[in-house]
Amino acid sequence: MFLVTGATGNVGGEVVRALAGTGEQVRALSRNGKQAGLPSAVEIAAGDLNHPGTVRGALAGAEGGFLL
């Protein structure tokens, strides 16, 4: 499982799509927790890096990540 921050932005969204396109499990972190046009196989997690406590759950089970 990869956790991608900034997943609804230009760069993060491309990272999500690239990982998902290779069959990797992906969890996309967004402040509002909305799908925002990401592939349906992607797990969405709500969290804000400005409030670290909101990210703790999204980190559970992640083995890799992309931090933007």
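On a predicted model such as this, the values are computed, not experimentally measured, just so you know.

**Some words on the side chain of Ser30**
Assignment of secondary structure puts Ser30 in strand S2 (residues 26–30). Discounting chain neighbours no more than four positions away, the residues touching Ser30 are Thr8, Ile44, Ala45, Ala46 and Gly47.

**Things to note about the side chain of Asp48**
Within the secondary structure, Asp48 is located in the loop between strand S3 (43–46) and helix H2 (56–59). An unpaired buried charge is present at Asp48: no salt bridge exists, and Arg31, the closest side chain of opposite charge, is 4.7 Å distant. In this structure the side chain of Asp48 is engaged in a polar contact, spanning 2.8 Å, whose partner is the backbone nitrogen of Asn50. The residues contacting Asp48, other than those within four sequence positions of it, are Arg31, Thr54 and Val55.

**Some remarks on the pairing of S2**
Strand residues, when the strand is regular, have side chains that alternate between the two faces of the sheet. In terms of residue burial, S2 counts as a mostly covered element, since five of its five residues are buried. Going residue by residue along S2, you find Val26, Ala28 and Ser30 tucked away on one face and Arg27 and Leu29 tucked away on the opposite face as well. Note that strand S1 (residues 2–4) and S2 share three bridges and pair parallel. Bridge assignment links Val4 to a residue of S2, and that residue is Ala28. Each parallel crossover has a hand, and for S1 linked through helix H1 (residues 10–21) to S2 it is right-handed. Looking at chain direction, S2 and S3 are connected through four bridges and run parallel. Paired with Ser30 across the two strands is Ala46, which belongs to S3.

Thresholds applied
Residues numbered from 1 in each chain as written. Predicted model: local features only at pLDDT ≥ 70, side-chain atom pairs only at ≥ 80, totals over all residues. Heavy atoms only, no water. Helix = DSSP H or I, 4+ residues; strand = E, 2+ residues; numbered from the N terminus. Contact = heavy atoms within 4.5 Å. Buried < 20%, exposed > 50% of the residue type's maximum accessible area, 1.4 Å probe, protein only. Lys, Arg positive; Asp, Glu negative; His and termini not counted. Salt bridge = Lys/Arg side-chain N within 4 Å of Asp/Glu carboxyl O. Polar contact = N/O pair within 3.5 Å; in protein donor to acceptor, adjacent residues only side chain to side chain. Pairing = 2+ DSSP bridges. Right-handed = clockwise from strand over helix to strand, strands pointing away.

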